[in-house]
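Tertiary structure, described
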4 protein chains.
Amino acid sequence: MTGRRMAAEEMMSMYLSEKIMKEMRRRRRDFHKYPESGWTEFRTTALAAQILESLGWKLTFASELIRAEDVMGRNIDAEAERRRAIAQGAEPLTVARIGEYTGLIAELDTGREGPLTALRFDIDCVETEEAEDAGHLPAREGFRSVNRGRMHACGHDGHTAIGLALAELAAEAREALRGKIRLIFQPAEEGVRGGYALSSAGAAEGADYFIAMHLGMGLPTGHICGGTHGFLCSTKFDADFRGIGAHAGSEPERGRNALLAAASAALNIQAIAPHSGGATRVNVGRLDAGTGRNVVPPRAHMEAEARGESGELAAYVYGRAKEIIHGAAEMYGVEAAITKQGETVSAASDEALAALVAEEAASVKGAARRDIDRAASGSDDACWFMRRVQERGGLATYIGIGADTAAGHHNDRFDFDEKAMDIALELLFKCLLRIGGRR
Amino acid sequence: MTGRRMAAEEMMSMYLSEKIMKEMRRRRRDFHKYPESGWTEFRTTALAAQILESLGWKLTFASELIRAEDVMGRNIDAEAERRRAIAQGAEPLTVARIGEYTGLIAELDTGREGPLTALRFDIDCVETEEAEDAGHLPAREGFRSVNRGRMHACGHDGHTAIGLALAELAAEAREALRGKIRLIFQPAEEGVRGGYALSSAGAAEGADYFIAMHLGMGLPTGHICGGTHGFLCSTKFDADFRGIGAHAGSEPERGRNALLAAASAALNIQAIAPHSGGATRVNVGRLDAGTGRNVVPPRAHMEAEARGESGELAAYVYGRAKEIIHGAAEMYGVEAAITKQGETVSAASDEALAALVAEEAASVKGAARRDIDRAASGSDDACWFMRRVQERGGLATYIGIGADTAAGHHNDRFDFDEKAMDIALELLFKCLLRIGGRR
Amino acid sequence: MTGRRMAAEEMMSMYLSEKIMKEMRRRRRDFHKYPESGWTEFRTTALAAQILESLGWKLTFASELIRAEDVMGRNIDAEAERRRAIAQGAEPLTVARIGEYTGLIAELDTGREGPLTALRFDIDCVETEEAEDAGHLPAREGFRSVNRGRMHACGHDGHTAIGLALAELAAEAREALRGKIRLIFQPAEEGVRGGYALSSAGAAEGADYFIAMHLGMGLPTGHICGGTHGFLCSTKFDADFRGIGAHAGSEPERGRNALLAAASAALNIQAIAPHSGGATRVNVGRLDAGTGRNVVPPRAHMEAEARGESGELAAYVYGRAKEIIHGAAEMYGVEAAITKQGETVSAASDEALAALVAEEAASVKGAARRDIDRAASGSDDACWFMRRVQERGGLATYIGIGADTAAGHHNDRFDFDEKAMDIALELLFKCLLRIGGRR
Amino acid sequence: MTGRRMAAEEMMSMYLSEKIMKEMRRRRRDFHKYPESGWTEFRTTALAAQILESLGWKLTFASELIRAEDVMGRNIDAEAERRRAIAQGAEPLTVARIGEYTGLIAELDTGREGPLTALRFDIDCVETEEAEDAGHLPAREGFRSVNRGRMHACGHDGHTAIGLALAELAAEAREALRGKIRLIFQPAEEGVRGGYALSSAGAAEGADYFIAMHLGMGLPTGHICGGTHGFLCSTKFDADFRGIGAHAGSEPERGRNALLAAASAALNIQAIAPHSGGATRVNVGRLDAGTGRNVVPPRAHMEAEARGESGELAAYVYGRAKEIIHGAAEMYGVEAAITKQGETVSAASDEALAALVAEEAASVKGAARRDIDRAASGSDDACWFMRRVQERGGLATYIGIGADTAAGHHNDRFDFDEKAMDIALELLFKCLLRIGGRR
């Protein structure tokens with residue numbers, strides 16, 4: 001064991017207390033109970049702000065940076081969401097400071113020369129209704145979502161809690177560090193809506209190292225991947241069909257059926273041919289059509305996404321989907337309007353940084369297996385940050401932190417092994433010490 | 001002109017004041033502004049109760065009669081609806097008296113021997129979002145619906161106002177009448193949900209004459225039909241598809257797609273073959289599927305209706321729809337549950353009563369054309385009352401009161417010529433005098 | 001019994017021999033065994049020509065009259081069909097005389113002044129594969145179709161045989177008749193393809209009376225309807241989709257899938273909303289798509305029909321079908337071409353003539369029940385003749401001759417009670433005597 | 001240049017005459033003009049047999065080996081095909097010798113000890129209609145397919161011609177060779193139907209080396225790949241839907257629509273979710289439904305295929321397709337029967353043999369670029385042979401011979417650069433000399 005390694009281990013035992021880990025789990029369960037979907041994370045942002053400020057981190061709210069024209073997929077009743085957030089425990093004054101857009105950047109300047117390391121934690125939930133039977137641990141142990149149709153079904157509750165615990169560790173270990181640490185609490189990762197606005201606004205500007213991480217990802221607890229490649233490019237889009245309502249019994253011929261147009265479009269979109277150039281994905285995730293039972297449906301709203309291993313492949317799928325939507329509308333003589341709601345690119349981890357992470361993982365308690373790199377099977381708008389940092393000469397990686405899960409990501413029974421949070425916290429802290437530890 | 005006729009005309013000029021007609025229009029616009037969908041008509045019921053009670057009618061709330069097992073298609077948050085009704089002007093105490101179910105029966109006993117004449121007025125609205133541009137008169141004149149997704153697009157606002165005006169006229173003309181008059185303010189006619197419960201509960205029990213009426217129906221202002229036949233039998237039903245959610249990008253194969261099952265079912269239901277035995281109709285009026293954009297949709301909810309000129313034809317369509325729903329569910333390996341939400345039968349007006357109405361129409365101001373009978377093209381659960389009264393030896397009719405309309409029934413631009421209300425009021429009053437006028 | 005009636009009965013017993021009826025059945029079974037679909041009836045035409053000529057009727061082949069531009073839905077290999085007809089027993093020289101188009105007009109001029117009575121018999125078969133098990137009488141008794149995919153499943157084999165037997169009767173009873181009798185053996189009634197060309201060409205020109213008849217029609221043996229109304233207007237059309245083939249495994253994205261476009265079109269065409277103006281029908285009866293299993297299907301051929309109680313209704317359905325086909329093609333980026341293949345109008349029997357028929361039916365052996373008029377539920381291009389004759393002052397009717405059937409019309413197990421042929425023959429002969437009997 | 005290499009070059013110039021190459025092209029165009037789909041290659045087999053026998057190769061017809069139970073996807077009218085083959089130039093006696101199944105094995109025994117090298121050439125065509133305009137070279141130069149709906153759109157005409165030219169070369173160079181050479185002319189590769197039966201029957205038994213080759217494959221003329229990996233596993237299957245026919249106008253409700261069931265199945269099959277475990281493919285390549293335009297379609301026949309990078313993935317797609325077919329049948333109350341028509345596994349080339357091929361390619365005239373290995377994007381039932389030879393200790397490879405093509409494989413405008421045939425012939429001959437050349 002080298003001297004540096006010994007020092008790191010001492011540091012861990014010094015700072016990584018039971019108390020911090022316990023608090024991290026408590027916070028994760030609190031976030032889980034009050035999940036907030038993309039762009040509505042007023043409570044999460046406010047709580048994070050309070051904690052970070054109390055620890056001495058310097059805050060910049062996302063609203064101070066983001067340009068309105070870069071914002072995608074934000075269809076919310078902000079005032080109602082702020083009221084809800086306050087009703088669910090957020091400090092009214094902090095909520096007021098958040099401004100229009102949720103999300104937060106916190107920076108710790110050690111005052112010593114050294115690299116700028118930026119870490120991205122996503123904070124939003126999935127729009128699904130959480131399982132409520134006792135077989136589902138959050139239901140059994142009382143931290144099931146109280147927000148209807150919203151659920152932390154992708155582990156971002158854990159990410160947020162890890163980010164805050166890391167902020168605590170780093171603040172306490174400040175004297176052992178040099179350079180700057182920046183924590184980016186990103187809104188609206190689901191639907192890849194928030195990453196573009198925040199990265200375009202310069203949230204990761206100047207970073208020498210950029211780290212994003214995700215719990216689960218199909219890996220068991222204890223398995224760590226230092227890096228990831230092969231993220232799918234993705235375009236999120238809505239289609240709105242507008243037809244003509246009519247009494248379905250007495251004059252059905254006067255209607256223009258938007259529901260059938262949308263149902264046809266959905267079926268045929270899902271049947272878009274695969275591509276020999278690589279993997280593609282398409283999903284019509286939401287369809288809301290019609291007004292009343294006995295009215296020829298005059299409207300339909302569809303939410304969908306197109307993905308591909310490359311930008312060309314995603315564009316192929318999106319292009320075909322647009323053709324299908326317009327053709328289906330023509331079939332029924334209805335109007336169709338398509339609007340882009342989110343978008344992300346692909347990116348790959350830098351091997352040097354991924355390898356460094358994998359090395360650090362070797363001494364992490366409970367880290368049974370480690371790889372340098374793995375292939376992603378989904379999309380993450382952390383890629384916008386990764387690309388931008390890499391283009392400017394920095395190194396970026398996307399760490400996979402294995403976690404046993406009760407069901408797949410986005411499933412209504414998703415739940416993860418909280419031990420994985422301890423592993424993630426220790427790993428990230430060790431990476432900070434390795435990259436920006438005092439020499 | 002006979003003596004009776006002369007007396008009636010005198011009566012009209014005595015009672016049918018401008019004031020009553022003006023108040024009828026004012027009330028109609030008030031109901032239009034605060035439309036309430038089936039089983040949520042707390043405000044309408046409360047307002048009607050206050051007015052009727054002040055006129056001396058004896059009230060029976062529907063809740064006092066209805067058996068829970070006869071109630072169909074009632075999926076409401078009653079507490080929230082009561083709060084809304086109160087916020088929109090209903091007296092809290094009256095709302096409390098309404099009880100569980102909306103609707104109201106009012107009776108006027110002249111104290112003199114004579115027939116019991118029952119009249120049905122339906123009070124609920126359609127679930128559609130009202131047009132909001134200035135081209136739409138209710139928007140232009142400030143009585144557009146303030147309740148999102150709800151609209152009086154079938155004229156029941158007019159029916160309710162006519163019923164109340166008739167109550168006023170009858171109360172004033174009490175001395176000229178004999179027997180009893182019963183006004184049934186029925187909830188949840190849309191979706192044919194309320195008629196069965198109320199008629200089964202005996203709301204029209206003992207009636208010698210039963211009259212229902214509808215404005216519009218494709219007839220221009222001034223055209224009156226004394227009776228109607230050929231109502232479509234109808235079954236309203238919901239289908240709920242339950243699949244399995246999964247991340248659409250990273251493990252699509254683990255999902256069981258309820259949206260696609262429902263979309264397939266919708267398309268194929270609409271393609272049910274017509275029947276040589278007579279006209280049939282089917283409509284999938286609502287489809288709400290999926291949770292989030294990037295989740296393989298684990299759920300779908302469909303609202304539909306099957307109709308036929310006879311019970312056999314409606315059963316044919318409903319039976320085929322059930323086959324299709326189950327087959328579509330099997331295609332996607334999802335579960336499907338079908339629940340009946342409303343039902344009505346067919347009925348035909350008694351020619352004797354229809355002819356009487358047509359005769360009375362002859363002297364109604366503005367009644368340019370009159371027929372004894374016409375064919376219906378829709379369904380109405382007034383048929384449950386008609387059948388029941390006819391089975392017990394009474395006479396029943398369903399009057400069509402022509403009204404110019406800005407768009408078809410259930411269309412978001414529906415609006416009717418209010419002059420038709422005057423015609424309806426005069427006609428109904430004359431019928432009351434003819435049937436139960438003092439000799 | 002009047003003197004005329006007595007004379008008629010005597011006539012019947014004189015001419016309507018067992019031999020004629022036996023020969024009629026033999027011929028019907030022969031036609032049944034060698035069914036010929038629309039425009040390919042070379043054998044049937046040739047056999048009829050030989051018989052009629054031998055009886056002294058004057059022949060005009062359809063080819064001598066028909067204008068090419070009036071011909072619809074003729075996609076045949078005429079040379080191959082002529083060879084087949086000859087191989088199946090038609091005289092080569094007679095086949096040569098038939099010319100381009102099948103069908104035949106035969107006239108008998110009594111030489112005495114009197115009315116011209118025209119009768120239409122359709123001679124083509126349905127394109128369906130006949131059942132082959134012993135439960136199916138034609139299979140059991142050895143006259144099942146030997147022409148693959150073709151079957152007399154609508155009784156035209158019977159019609160043709162009745163027409164020929166009537167020709168024999170009339171020829172024998174020539175001296176008892178006056179005026180002229182014209183028998184029109186029409187090709188391609190299925191798909192309403194031949195009637196327009198033949199009627200436009202003047203085949204029924206100058207007729208004072210026009211009679212068409214059909215066996216079966218849902219009536220049991222012995223039930224006769226003197227007339228029919230409410231035929232559906234109908235348009236027959238094909239749609240051809242042209243896409244781009246590609247290897248389905250190695251480059252699926254390069255294909256343009258015509259099969260999926262056609263399948264989508266078929267589903268959505270069948271889902272065209274019914275019309276409040278009256279009954280409509282639509283059927284996609286054939287779909288033939290793709291080339292090989294592993295090729296993205298570059299082509300699809302669809303055969304369909306639209307019907308309606310009125311021309312407007314049929315046009316509504318056809319118009320919607322065209323929109324759907326073009327929209328479906330756009331969905332898949334394929335080309336679609338629509339071609340009209342047949343068309344017919346509606347017509348109604350003249351009550352005077354229908355009543356005359358019903359009267360004559362009274363004395364027909366086995367005619368247990370008779371009506372003057374009934375509603376049709378299908379289409380028949382005899383309507384083109386009826387309209388034309390009526391427009392020129394003649395009377396027309398379409399007689400329904402009840403016949404018990406083993407299965408519905410067009411079903412592969414269709415077969416009819418041959419007793420109905422005797423009834424039809426006697427009835428038609430009596431009508432001839434009544435209309436054009438010698439005074 | 002080594003001595004061996006020099007000897008090979010001498011050999012080439014000695015044997016690889018202009019005459020052989022010219023004859024190879026002539027034969028290719030002849031095969032192109034008379035394409036025969038899987039299991040109907042009577043003419044091709046007969047011609048090959050005559051040529052090979054005249055060259056002194058020992059023949060074994062496939063019928064002598066194949067077990068009936070191993071045959072997949074053989075739905076032919078053998079007698080009619082034999083007649084056609086004879087009409088198109090095959091020797092009747094040779095056709096008789098072929099027996100039930102097409103295909104042929106030819107062996108040349110040098111009489112000297114040495115390895116057994118087996119080469120597979122597939123001989124069947126694709127079921128597609130060839131383009132006929134002058135822009136398509138085979139049409140312009142007069143060797144367009146004369147067999148309707150059949151076309152050599154995958155280059156097997158070239159493969160067969162190359163195999164025969166190689167047989168000629170090897171026979172002439174016999175003295176320079178040792179061991180044995182076996183040429184397998186395999187029927188029914190399209191649809192992966194013939195490979196299993198022939199390989200199971202031991203056609204490649206005892207082979208030390210096994211070589212299959214394919215022209216085109218997306219590589220330009222001059223590009224050679226010594227080996228291939230990643231073939232898709234594939235299952236070919238038919239679905240037959242049996243419903244009930246009925247007259248679409250007069251009693252549509254009595255029908256059970258097999259066309260709509262099949263159309264629904266096709267759409268939903270194409271919409272089977274992709275799999276995170278690797279690439280999958282599905283194609284409904286043929287749909288033939290209905291009988292006549294005005295008959296509710298009582299039948300539908302569908303031909304489809306499922307593919308996957310692994311057996312599990314292909315099974316996933318096939319399993320889902322079966323669920324969908326049964327569900328669609330249930331939707332329409334029709335029967336569905338699914339039958340397997342072909343199947344193949346995956347296989348990978350042995351690197352040692354692939355490298356040897358790539359080395360030999362270095363001296364082939366016109367071979368501008370060479371690789372050792374590439375990824376396949378389709379399926380080939382040569383894999384059955386490859387697996388079997390590899391399991392028994394032999395080496396196997398699947399060579400890609402680049403060829404410029406006018407359109408993609410299986411497209412109706414497919415045509416390849418015939419220069420590629422020269423390259424293939426020289427390469428294969430050099431491989432024979434390298435593997436089994438006399439020392």
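Look above for the structure.
The text that follows walks through the structure, step by step, so that each part is easy to find. (Residues numbered from 1 in each chain as written. Chains lettered and ligands numbered in written order. Predicted model: local features only at pLDDT ≥ 70, side-chain atom pairs only at ≥ 80, totals over all residues. Heavy atoms only, no water.)

**Some points on the side chain of His 32 of chain A**
Residue and element names in this part refer to chain A. The following threshold applies: To qualify as a helix, a DSSP run of H or I must reach at least 4 residues; to qualify as a strand, a run of E must reach at least 2; elements of each kind are numbered from the N terminus. Partly exposed residues are those whose accessible area sits between 20% and 50% of the maximum for their type, while under 20% is buried and over 50% is exposed, using a 1.4 Å probe and protein chains only. What makes two residues a contact is simply this: any of their non-hydrogen atoms within 4.5 Å.
Looking at the element boundaries, His 32 is found in helix 2 (residues 18–33). With relative accessibility at 0%, the residue His 32 sits in the buried group. Beyond its immediate sequence surroundings of up to four residues, His 32 is in contact with Glu 130, Pro 138, Phe 143, Arg 144, Ser 145, His 152 and Asp 157.

**Overview of the pattern of salt bridges**
In a structure, side chains of opposite charge can pair up when their charged atoms sit close to one another. For the record, the criterion: Criterion for a salt bridge: a side-chain nitrogen of Lys or Arg within 4 Å of a carboxyl oxygen of Asp or Glu.
Tallied over the entire structure, the rule returns 168 salt bridges over all chains. For Arg 256 of chain B, the salt bridge goes to Glu 323 of chain D, with nearest N and O atoms at 3.1 Å. Taken together, the positions of Arg 256 of chain B in the loop between strand 7 (233–242) and helix 9 (258–270) and Glu 323 of chain D in helix 10 (residues 311–332) put the pair across two chains.

**Topic: the interface of chain A and chain B**
Heads up, the condition is: By buried area we mean the combined loss of accessible area, with a 1.4 Å probe, across both parts when two parts are placed together. Counting of polar contacts relies on pairs of N or O atoms within 3.5 Å, with two restrictions inside protein: one atom must be capable of donating a hydrogen and the other of accepting it, and residues adjacent in sequence are counted only when both atoms are side-chain atoms. Each residue is assigned to one of three groups, with Ala, Val, Leu, Ile, Met, Phe, Trp, Tyr, Cys and Pro labelled nonpolar, Asp, Glu, Lys and Arg labelled charged, and all others, Gly among them, labelled polar. Strands are labelled as partners when DSSP assigns at least two bridges between them.
Each side of the interface is counted separately: chain A has 55 residues, and chain B has 55 residues. Taken together, the two surfaces of chain A and chain B that pack against each other cover about 4300 Å², and 51% of this comes from carbon and sulfur. Among the residues chain A hides against chain B, the three largest losses belong to Leu 267, Arg 293 and His 410 of chain A. Together they make up 18% of the total. Remark: the boundary between chain A and chain B carries 4 salt bridges. Between Asp 238 of chain A and Arg 293 of chain B there is a salt bridge, with its nearest N and O atoms 2.9 Å apart. For the pair chain A and chain B, the interface holds 34 residue pairs in polar contact (both at pLDDT 80 or more). Counting residues per element, the ones that place at least two in the side of chain A that touches chain B are strand 7 (233–242), helix 9 (258–270), strand 8 (280–290) and strand 9 (299–308) of chain A. It is strand 8 of chain A that contributes the most residues to the side of chain A that touches chain B, 9 residues altogether. Residue composition of the side of chain A that touches chain B, by class: 20 nonpolar, 21 polar and 14 charged. Where strand 8 of chain A meets strand 8 (residues 280–290) of chain B, 5 bridges bridge the pair, whose relative direction is antiparallel. Looking across to strand 8 of chain B, one finds that Leu 287 of chain A is bridged to Ala 289 of chain B.

**A look at the relation of the copies chain B and chain D**
Comparison of the two chain copies shows a relationship of rotation about an axis with a shift along it. Keep this limit in mind: For the least-squares superposition of copies, only C-alpha atoms count, and only for residues with pLDDT at least 70 in both.
Note on the copies: chain B fits chain D at an RMSD of 0.1 Å, the axial shift is 0.0 Å, and the rotation between them is 180°. The two molecules are tied by a two-fold rotation axis, judged by turn and shift. Among all C-alpha atoms of chain B, that of Gly 327 of chain B lies closest to the rotation axis, at 2.2 Å.

**So, unusual backbone geometry**
Phi at Val 192 of chain B is positive, roughly 40°, even though this residue is not glycine. Mapped onto the elements of the fold, Val 192 of chain B is located in the loop between strand 4 (180–186) and helix 8 (194–200). Phi angles above zero are rare outside glycine, and Trp 39 of chain C is one such case at about 75°. Structurally, Trp 39 of chain C is set in the loop between helix 2 (18–33) and helix 3 (42–54).

**Let's talk about the interface of chain B and chain D**
In this complex, chain B contributes 23 residues to the contact, which on the side of chain D involves 23 residues. It is Glu 253, Glu 330 and Met 331 of chain B in chain B that bury the most area against chain D; as a group they hold 31% of the surface buried on that side. Our count for the chain B to chain D interface comes out at 10 residue pairs in polar contact (both at pLDDT 80 or more). Counting only elements with at least two residues in the side of chain B that touches chain D, the list comes to helix 9 and helix 10 (311–332) of chain B. Considering each element in turn, the side of chain B that touches chain D owes the most residues, 10 residues, to helix 10 of chain B.

**Things to note about the packing of helix 3 (residues 42–54) of chain A against helix 7 (residues 156–172) of chain A**
All names here are of chain A. Worth spelling out the cut-off: Axis angles are defined between N-to-C directions and span 0 to 180 degrees, where every axis is a line fitted to C-alpha atoms and, for a helix, only to the segment in contact. Angle categories are assigned with fixed cut-offs, so that under 35 degrees is roughly parallel, over 145 is roughly antiparallel, 65 to 115 is roughly perpendicular, and the rest are oblique. Crossings are assigned a handedness: left-handed for a near helix turned anticlockwise from the far helix by less than a right angle, right-handed for a clockwise turn.
At a minimum axis distance of 10 Å, the contact between helix 3 and helix 7 shows a crossing angle of 10°. Compared by their axis directions, helix 3 and helix 7 come out roughly parallel. The handedness of the crossing between helix 3 and helix 7 is right-handed. Listed contacts from helix 7 to Thr 44, Ala 48, Ile 51 and Leu 52 of helix 3 are Thr 160, Leu 164 and Ala 167. Of the residues contributing to the contact of helix 3 with helix 7, the split by class is 5 nonpolar, 2 polar and no charged.

**Some thoughts on the environment of Phe 414 of chain A**
Residue and element names in this part refer to chain A. Locating Phe 414 in the fold gives a position in the loop between strand 12 (395–401) and helix 13 (419–436). Placed 135 residues apart in sequence, Phe 414 and Ala 279 show a C-alpha to C-alpha distance of 25 Å. When residues no more than four places from it in sequence are discounted, the contact partners of Phe 414 are His 136, Met 151, His 152, Ala 153, Cys 154, Gly 155, Thr 405, Ala 407, Gly 408 and His 409.

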